[in-house]
Amino acid sequence: MLRLQWVCSVSHASFLTLGIETSCDDTSLAVLSGPREVLSSVVSSQVDLHAPYGGVLPELASRKHQEVIISLLRKVLSDGGVSNPCRDIDLVAVTRGPGLMGSLLVGAMTAKALAQAWEVPLIAVNHLEGHIFANVLAHPSLEPPFLCLIVSGGHTEIILVRSFGDYLLLGRTRDDAAGEAYDKVAKLLGLGYPGGPAIDHLAKEGDPKAFTFPVPLGHTRNVEFSFSGLKTAVLWVVRRLEQEGAPIPVADICASFQRAAVEALMSKVRLSVEMTGVERVAVSGGVAANSALREAMASQDAWDVYLPPHELCTDNAVMIAAAGYDAYARGLRSDISFSPGPSLVLAK
Ligand code: KG4
Ligand code: ZN
C-alpha cells in the first residue's frame with residue numbers, strides 16, 4: 001500500500017536532504033528543503049503483509065523494504081521535482097537504529113550507495129531523535145529545553161532535550177512499550193494488527209469505568225513505565241468472561257484499558273515536569289496519534305503541549321531528514337562505514 005503525504009512545490013534554491021526510514025515495517029522516503037519544508041514524502045506501509053501474523057515478521061519486513069525501496073526513491077524524487085538528484089541533493093539522512101537489523105540494513109545500504117554515487121555527505125540518524133524532530137518540524141516555536149514523551153510500538157520513554165543533540169533519559173518502560181500493549185490487547189480481543197487505531201476507535205463507544213484496570217506504577221516517584229501487567233489484567237478479564245460464557249464487552253474493555261494506559265503516561269509526564277521544572281512537553285511516536293492521550297494532554301494547563309500531526313506521529317522519513325539536517329548543521333558527519341544499531345540508545 002502506498003500512502004502519499006502532504007506535498008508542496010517550491011524552488012530548489014535551498015539545501016535538499018533525502019531522508020530514508022526503514023527501521024521497522026514502513027518504507028519511507030522524503031525530500032526536505034532546508035530545515036523544515038517538505039517537498040515530497042512517501043510511506044509504503046507493510047501492515048497488510050504482517051496483519052495475518054498479528055505482528056511484524058522481521059524476515060518478511062526486510063524483504064519487502066528491498067522490493068519497494070528503489071521505486072519509492074524514484075517516486076519521492078519525481079514528486080519533489082528533483083530531476084537531477086546527483087546535482088540537487090545535498091545530504092542523505094538515514095535511520096541507523098534502533099529497529100530490526102534486516103530492515104535497517106536495507107535503508108543503510110541504499111543510503112550509503114546514494115551518498116557515494118552523488119558524492120554528498122551522509123548522516124546516520126537515531127530513530128528516536130527522528131521522533132523528537134517530528135515535533136520540531138511541526139512547531140517552529142519549540143525550542144529546548146523541553147520534555148519529549150516518546151510512545152511507539154517499540155519505545156516508551158521520557159527524554160529531556162537540553163539542546164538538539166544533548167538528550168537526557170528521565171525514564172523508560174521496564175517491559176512492554178505502550179504501543180506494544182495496545183497491539184497485544186487488540187490481538188487478544190481479535191481486533192487485528194496494528195491494534196492502537198482499532199482500540200482508539202472502539203474505546204469511543206465504550207465505558208472507561210466499566211472495568212478497573214490498574215494504572216501501572218501510577219503512584220511511584222520514579223519516571224518508569226510498565227505495561228505488561230496491564231495487558232495481563234485485560235487477559236484475565238477476558239478469560240473470566242469466556243469461562244462464564246458471558247459476552248465480551250469489547251468496547252468497554254478498550255475504553256477501560258485506554259483509560260489506565262493514558263493515565264499511566266500522564267502521571268509520569270506530570271512527575272517529569274515537577275522534577276525538572278521544564279514546562280514544555282512534546283509527544284511523539286505512533287501512540288501520539290491516540291485521541292484520548294491527545295485530549296488528556298491538551299486539556300491540562302500545567303505545561304505547554306506539542307503534538308505532531310497524525311502523519312508525523314507514526315514512522316516517516318520526513319522526521320529523519322529533519323533530524324539529519326539539524327545534525328549536519330551542527331557539524332556532524334557519519335562515516336560511510338557505519339553499521340546499523342538495532343539496540344541504539346538516544347540517551348542514558
Ligand atoms: O512510531 P510507530 O509507527 O512505530 C514504532 O517506532 O514503533 O508506532 C507504531 C505503534 C503501534 O504499536 C500502533 O498500535 C501504535 O503506534 N498506534 C496507536 C495509534 N496509532 C498507532 N496506539 C494508540 N492509538 C492510536 N491511535
Ligand atoms: Zn518509530
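You'll find the structure just up there.
Since the model is a prediction, treat every value here as computed from it, not as a measurement.

A. Spatial organisation of helix 8 (residues 228–243). Taking 1.5 Å of rise per residue, the 16 residues of helix 8 would be expected to cover 22 Å, and the 22 Å separating its terminal C-alpha atoms lies within 8% of that figure. Within the span of helix 8, buried status applies to Leu230, Lys231, Ala233, Val234, Val237, Val238 and Leu241. Viewed end-on, helix 8 has its buried residues packed into an arc of 160 degrees, placing them on one side of the element. Those residues of helix 8 that are exposed and aimed more than 90 degrees away from the buried face are Trp236, Glu242 and Gln243. Structurally, helix 8 contributes buried residues whose contacts are with helix 6 (178–188) and helix 9 (250–276). Once helix 8 finishes, Gly245 follows within two positions and takes phi at roughly 70 degrees, a positive value.

B. Highlighting helix 5 (residues 127–138). Compared with the 16 Å implied by 1.5 Å per residue over 12 residues, the 17 Å span of helix 5 between its first and last C-alpha is a close match. Taking burial as the measure, the 12 residues of helix 5 include 11 buried ones, the bulk of the element. In this structure Asn126 caps helix 5, since a side-chain oxygen of it lies 2.8 Å from the backbone nitrogen of Leu128.

C. Representation of the layout of surface pockets in the model. By volume, the largest pocket amounts to about 1,200 Å³. Taken together, 38 residues form the lining of the largest pocket, with Ser152, Gly153, Gly154, Asp183 and Tyr193 sitting closest to its centre. If you list the elements that add at least two residues to the lining of the largest pocket, you get helix 5, helix 6 and helix 7 (195–203). No other element matches helix 6, which puts six residues into the lining of the largest pocket.

D. Examining the site of ligand 1 more closely. The immediate surroundings of ligand 1 are formed by 21 residues, with Gly153, Asp183, Gly196, Asp200 and Asn290 found nearest. Within the contact set of ligand 1, an oxygen atom lies 3.3 Å away from a backbone nitrogen or oxygen of Gly154. One nitrogen or oxygen atom from the main chain of Gly196 is found 3.0 Å from an oxygen atom belonging to ligand 1. Bound to the protein, ligand 1 loses 89% of the 550 Å² it would expose on its own. According to the grid-proximity analysis, the pocket containing ligand 1 is the largest pocket. Breaking the shell around ligand 1 down by element, the ones donating at least two residues are helix 5, helix 6 and helix 7. The element that contributes the greatest number of residues to the shell around ligand 1 is helix 7, accounting for four residues. The class makeup of the residues in the shell around ligand 1 is six nonpolar, 12 polar and three charged.

E. Highlighting the pairing of strand 5 (residues 91–97). Among the seven residues that make up strand 5, six are buried, leaving the element largely enclosed by the rest of the structure. In this structure, strand 2 (residues 16–21) lies alongside strand 5, joined through four bridges in parallel fashion. The residue bridging Ile20 from the neighbouring strand is Val94, located in strand 5. Relative to strand 6 (residues 122–126), strand 5 runs parallel, the two being bridged by five bridges. Looking at the pairing, Thr95 lines up with Val125 of strand 6.

F. Focus on the sheet that holds strand 7 (residues 146–151). With respect to topology, five strands assemble into an open sheet ordered 9-8-7-10-11, the strand pairing being mixed. Edge positions in the sheet fall to strand 9 (166–172) and strand 11 (304–306), since each of these pairs with one other strand and no more. Shown here is a sheet whose adjacent strand axes are inclined to one another by a mean of 25 degrees, direction ignored. Direction of pairing for strand 7 relative to strand 10 (residues 280–284): parallel, over a ladder of four bridges.

G. The pattern of salt bridges, seen in detail. Evaluation of the coordinates by the stated rule reveals 16 salt bridges. Notably, a salt bridge pairs Arg172 with Glu157, separated by 3.7 Å at the nearest N-O pair. One end of the pair, Arg172, is in strand 9; the other, Glu157, is in strand 8 (residues 156–163), with 15 residues separating them in the sequence. Residue Asp200 pairs with Lys204 through a salt bridge whose shortest N-O separation is 3.8 Å. Exposure remark for Asp200: the relative accessible area of 10% places this residue in the buried category. A relative accessible area of 58% means that Lys204 is categorised as exposed. Through salt bridges with shared partners, a single network forms among Asp176, Glu180, Lys184 and Lys231.

H. Structural detail: the coordination of the zinc ion (ligand 2). For the zinc ion (ligand 2), the protein coordination sphere consists of His127 (NE2), His131 (NE2) and Asp315 (OD), at 2.0 to 2.1 Å. Coordination at the zinc ion (ligand 2) is irregular: its four donor atoms span angles of 94 to 144 degrees at the metal. Counting residues between consecutive donors of the zinc ion (ligand 2) along the chain gives the motif H-x3-H-x183-D. A residue pair is termed long-range when its members are at least 10 positions apart, and His127 in helix 5 and Asp315 in the loop between helix 11 (310–313) and helix 12 (317–329) qualify at 188 residues. Here Asp315 falls in the buried class, since its relative accessible area comes to 15%.

I. Representation of the packing of helix 7 against helix 9 in the model. In the contact formed by helix 7 and helix 9, the axes pass within 8 Å of each other and the chain directions differ by 105 degrees. With respect to their mutual orientation, helix 7 and helix 9 come out roughly perpendicular. Together, Ile199, Asp200, Leu202 and Ala203 of helix 7 and Val250, Ala251, Cys254, Ala255, Phe257 and Gln258 of helix 9 make up the contact between the two elements. Split by residue class, the contact of helix 7 with helix 9 holds eight nonpolar, one polar and one charged.

Rules of the game
- Counting restarts for each chain, with residues numbered from 1 along the sequence as it is written.
- Ligands are numbered from 1 and chains lettered from A, in the order in which they are written.
- Two thresholds apply to this predicted model, a pLDDT of at least 70 for residue-level local features and 80 or more for giving and counting side-chain atom pairs, whereas whole-chain, interface and lining totals are computed over all residues.
- Side-chain calculation: all heavy atoms of the structure are included, whereas hydrogens and water are not.
- A run of H or I in DSSP counts as a helix once it spans at least four residues, and a run of E counts as a strand once it spans at least two, with each numbered from the N terminus.
- To estimate how far a helix should reach, multiply one less than its number of residues by 1.5 Å.
- For each residue, the accessible area found with a 1.4 Å probe, counting protein chains only, is set against the maximum for its type, and the residue is called buried under 20%, exposed over 50%, and partly exposed in between.
- The arc in question is the one spanned by the directions pointing from the helix axis to the C-beta atoms.
- In what follows, residue pairs with any heavy atoms lying within 4.5 Å of each other are defined as contacts.
- Contacts described as polar in this section are N or O atom pairs within 3.5 Å, which, within protein, must combine one atom able to donate a hydrogen with one able to accept it, while residues neighboring in sequence count only if both atoms come from side chains.
- Here a cavity denotes a set of grid points, spaced 1 Å apart and computed over the protein atoms alone, in which a 1.4 Å probe fits but from which it cannot get out, and a pocket denotes an open set meeting protein on both sides within 12 Å along at least five of seven lines; residues with an atom within 4 Å of a point are reported as lining.
- Grid points are joined across faces, edges and corners, and a volume is the space filled by probe spheres set on the points.
- Any residue with at least one heavy atom within 4 Å of a molecule or strand is counted as near it.
- Method for areas: the Shrake-Rupley scheme with a 1.4 Å probe, in which residue coverage is limited to the protein chains shown.
- A cavity or pocket is said to hold a molecule if more than half of that molecule's atoms lie within 2 Å of its grid points.
- Any residue that is not Ala, Val, Leu, Ile, Met, Phe, Trp, Tyr, Cys, Pro, Asp, Glu, Lys or Arg is counted as polar, Gly included; the first ten are nonpolar and the last four charged.
- Note on pairing: two strands pair once DSSP finds at least 2 bridges between them.
- To obtain each axis, a line is fitted to C-alpha atoms, and for helices this fit is confined to the stretch in contact; angles are then taken between N-to-C directions over 0 to 180 degrees.
- Salt bridges are defined as contacts in which a side-chain nitrogen from Lys or Arg sits within 4 Å of a carboxyl oxygen from Asp or Glu.
- Note that water is not among the atoms used; donors are N, O and S atoms within 2.8 Å of the metal (3.2 Å for Na, K and Ca), so sites may look incomplete.
- The rule is simple: four donors are tetrahedral if all their angles sit between 85 and 135 degrees, four are square planar and six octahedral if opposite donors span more than 155 degrees and the others lie between 65 and 115, and anything that fits none of that is irregular.
- Angles below 35 degrees are treated as roughly parallel, those above 145 as roughly antiparallel, those between 65 and 115 as roughly perpendicular, and all remaining angles as oblique.

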